[in-house]
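Analysis of the macromolecular model
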Amino acid sequence: MNKTVIELFAGVGGFRVGLNNITKIDKHGHAIEKGPFTFVWANQWEPSTKSQHAFDCYNLRFPSATENSNVDISKVDKASIPDHTLLTGGFPCQDYSVAHTLSKAHGIEGKKGVLWWQINDILKAKKPPFVLLENVDRLVKSPAKQRGRDFGIMLRCLSEQGYAMEWRIINAAEYGHPQRRRRIFIFAYHKSTKYYESMKDRSPLEIISSQGIFAKEFPIEEFAKKSIKEFDFVKGYKDLVAVSDKFHAAFENAGYMIGDKVYTVKTKPILVKPMTLSKIVEKDGVDNHYFLSESQRKKYEYLRGSKKIPRKDKNGYEYIYSEGSMSPYDELSLPARTMLTSEGTTNRSTHIIMDPKENKLRILTPVECERINQFPDNWTNSGMPEKRRYFMMGNALVCGIIKKIGNQINQIIDKEV
Ligand SMILES: C[S@@+](CC[C@H](N)C(=O)[O-])C[C@H]1O[C@@H](n2cnc3c(N)ncnc32)[C@H](O)[C@@H]1O
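Residues numbered from 1 in each chain as written. Predicted model: local features only at pLDDT ≥ 70, side-chain atom pairs only at ≥ 80, totals over all residues. Heavy atoms only, no water.

1. As for the overall build of the protein
Regarding its fold elements, the protein presents 13 helices and 16 strands. The C-alpha radius of gyration computed for the protein amounts to 22 Å, which stays within 12% of the reference 22 Å derived for 417 residues, consistent with globular compactness. Overall, the C-alpha framework of the protein stretches about 65 × 60 × 50 Å when taken along its three principal axes. Taken over 417 residues, the protein has a buried fraction of 54%. In the protein, the proportion of contacts linking residues at least 24 apart, taken out of those at least 6 apart, comes to 70%. Per element, the accessible surface of the protein, about 19,500 Å² overall, is 51% carbon and sulfur. Across the protein, the centroid of the 64 positively charged side chains sits 2 Å from that of the 49 negatively charged ones. (Helix = DSSP H or I, 4+ residues; strand = E, 2+ residues; numbered from the N terminus. Rg over C-alpha atoms; globule rule 2.2 N^0.38 Å. Buried < 20%, exposed > 50% of the residue type's maximum accessible area, 1.4 Å probe, protein only. Contact = heavy atoms within 4.5 Å. Areas by Shrake-Rupley, 256 points an atom, 1.4 Å probe, with all protein chains shown as cover. Lys, Arg positive; Asp, Glu negative; His and termini not counted. Charge placed at Lys NZ, Arg CZ, Asp CG, Glu CD.)

2. Structural notes on the site of the ligand
Neighbouring residues of the ligand: 18 residues in total, closest Val12, Gln44, Trp45, Glu46 and Asp72. Between an oxygen atom of the ligand and a side-chain N or O atom of Glu46, the distance comes to 2.7 Å. A distance of 2.9 Å is found between a nitrogen atom of the ligand and a side-chain nitrogen or oxygen belonging to Asp72. (Near = heavy atom within 4 Å. Polar contact = N/O pair within 3.5 Å; in protein donor to acceptor, adjacent residues only side chain to side chain.)

3. Quick look at unusual backbone geometry
The omega angle of the peptide bond from Gly35 to Pro36 is 15°, so this bond is cis rather than trans. Mapped onto the elements, Pro36 comes out in the loop between α1 (14-19) and β2 (38-43). Cis rather than trans, the peptide bond between Ser142 and Pro143 has omega equal to -10°. Here the phi dihedral of Phe9 falls at roughly 50°; this positive angle occurs in a residue that is not glycine.

4. Description of the nonpolar core
Of all hydrophobic cores here, the largest spans 75 residues; its most connected members are Phe187, Tyr189, Trp379, Ile405 and Ile409. A per-element tally of this core places helix α13 (residues 399-414) first, with 7 residues. Mapped onto the domain boundaries, this core takes at least three residues apiece from domain 1 (4-272 + 398-414) and domain 2 (277-376). Ignoring anything within four residues of it in the chain, the contact list for Tyr189 reads Pro129, Phe130, Gly162, Tyr163, Ala164, Met165, Tyr195, Tyr196, Met199 and Tyr256. Trp116, Leu158, Tyr237 and Phe247 belong to the second-largest nonpolar core, a separate cluster that totals 49 residues. (Core = buried A, V, L, I, M, F, W, Y, C linked by side-chain atoms within 4.5 Å. Domains from an automatic or database assignment.)

5. A closer look at the pattern of salt bridges
With the rule as written, the count across this model stands at 28 salt bridges. Measuring nitrogen to oxygen at the nearest pair gives 2.8 Å for the salt bridge that ties Asp83 to Lys126. Of this pair, Asp83 sits in the loop between β3 (68-69) and β4 (86-90) while Lys126 sits in helix α3 (residues 116-126); the two residues are 43 residues apart in sequence, bridging distant segments of the chain. Measuring nitrogen to oxygen at the nearest pair gives 3.0 Å for the salt bridge that ties Lys200 to Glu197. Residue Lys200 is classed as partly exposed on the basis of its relative accessible area of 33%. On the basis of relative accessibility, which here comes to 44%, the residue Glu197 falls in the partly exposed class. Where salt bridges share partners, they join Asp95, Lys111, Arg149 and Asp150 into one cluster. (Salt bridge = Lys/Arg side-chain N within 4 Å of Asp/Glu carboxyl O.)

6. Observations concerning helix α10 (residues 294-304)
Of the positions making up α10, those classed as buried are Tyr300, Leu303 and Arg304. Projected down its long axis, α10 carries its buried residues within an arc of 85°, all on one side. Of the exposed residues in α10, the ones pointing more than 90 degrees away from its buried face are Ser295, Lys298, Glu301 and Tyr302. Check the buried side of α10 and you find it contacts β13 (307-312), β14 (318-323), β15 (352-354) and β16 (361-363). (Arc of directions from axis to C-beta.)

7. A short note on the environment of Glu252
Turning to its location among the elements, Glu252 is positioned in the loop between α8 (240-246) and β11 (254-258). Taking the C-alpha atoms as reference points, Glu252 and Val265, 13 residues apart in sequence, are found 5.4 Å from one another. Excluding anything up to four places from it in sequence, Glu252 contacts Trp167, Lys229, Thr264, Val265 and Lys266.

8. What about the sheet that holds strand β12 (residues 261-265)?
Ordered by their spatial adjacency, 10 strands build an open sheet running β3-β2-β1-β4-β7-β9-β8-β11-β12-β10, and the pairing between neighbours is mixed. The open sheet has two edge strands with one neighbour each: β3 and β10 (229-232). Where β4 and strand β7 (residues 130-136) come together, 5 bridges link them in parallel fashion. Looking at the pairing, Thr88 lines up with Leu132 of β7. (Pairing = 2+ DSSP bridges.)

9. Structural notes on the environment of Gly255
In this fold, Gly255 is placed in strand β11. Remark: the alpha-carbon pair of Gly255 and Val265, spanning 10 residues in sequence, is separated by 6.2 Å. Those residues within four positions of Gly255 in sequence are excluded, and the remaining contacts are Met165, Glu166, Trp167, Ile208, Tyr263 and Thr264.

10. A few points about helix α4 (residues 149-160)
Over its 12 residues, α4 runs 16 Å from end to end, which matches the ideal 16 Å to within 8%, given 1.5 Å per residue. For α4, a buried count of 11 out of 12 residues is recorded, marking the element as mostly surrounded by other parts of the structure. When α4 is considered as a whole, its buried residues turn out to be Arg149, Asp150, Phe151, Gly152, Ile153, Met154, Leu155, Arg156, Cys157, Leu158 and Ser159. Trailing α4 by a residue or two, Gly162 shows a phi angle of about 85°, which is positive. (Expected span 1.5 Å × (residues − 1).)

11. A few points about the packing of α3 against α4
At a minimum axis separation of 11 Å, α3 and α4 run at an interaxial angle of 10°. Taken together, the axes of α3 and α4 lie roughly parallel to each other. When α3 is examined against α4, the residues Trp116, Trp117, Asn120 and Leu123 are found in contact with a partner set consisting of Ile153, Met154, Cys157 and Leu158. For the contact of α3 with α4, the per-class residue count stands at 7 nonpolar, 1 polar and no charged. (Axes fitted to C-alpha atoms, helices over the stretch in contact; angles between N-to-C directions. Parallel < 35°, antiparallel > 145°, perpendicular 65-115°, else oblique. Nonpolar A, V, L, I, M, F, W, Y, C, P; charged D, E, K, R; others polar.)

Printed below as a string of structure tokens:
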């Protein structure tokens, strides 16, 4: 089996940076890829802007005439995508509910623009043996009114197509990475693989605690077998619409799905010493515009302080919105908080640090944001405005997590024929 990969919703290429252990850019601006994976196709298209900064960055770092696609994934003929061993992608948490179509009695339709259906269509058309996905952690709890429904729909889709899968919610900082970013990682494997054969008779306890892909790279504390919960999303649900209408489950931060059963358990990480902001901040002085003016300092003081604000909801009902205080600036002795796409704008969640050289407050530089996600320095310095560089990092992932998962996938593929 070869090590071909496609990257969906590629952004600036976090999966590729992680899987191919990219730490440097050459003098032409191209990534120096150490391997072992061969990327045969990538797709990235930003619907909300005319300029395609993420794609331009990807295309500069990974130049290629035909393999990088900059069109809406829903417009791509799925059969035309090259064959691949591993499908990767970080996709949004949206409403995955489905209904019977009105026109065709037996047709099933999801909401328009929901990107999960695009992934599902690619799985149907290409049947890659392995799949690695990333999403926000609330995916397992969505929607609030029917907890676990969307994840249940995903499980049912994967199961119908012959996949088993394992998931884990990982807070990167707890495993020694520089950001407190909690994301769900999903690894699915097709029943035609040797890996599936090697896993199918193992117990959920064994898979989640020691033998699964996540346990090997992200060790957890021992837990009792009886704490594992089991849900069925096939029996009692004649089709995807029935899952969509009725299924709900309290999914935890770890789990495993095979056939028509899903097992889940709350796990605790065996903590690794975190990488702190002090290790990644630029120490030799940064440009003046990153420092806070007096008025900006006051604004941040207000934004990060505690407050109670009277507000009206959309029905005209008045309520008091309150938020607690944050520390006036982010301690260098801690890992970064979760970086959002609003990083760098005057916003409560923007990081503020005490510059180690000047001893004055400032925002992070784009390079520091890249380091927080473990991208090479200046990765997004590809011609886009500075504020878009922050945005890209808010959307991206902690590449070091992908690197660790990639180590395991590499070994798994080596054992296939
Ligand atoms: C969460 S981000 C993924 C970031 C990526 N993992 C990285 O490391 O930069 C999702 C990406 O999907 C892209 N996207 C959204 N809708 C899309 C569509 N219809 N077709 C293709 N890409 C889309 C967005 O522009 C965004 O870059």
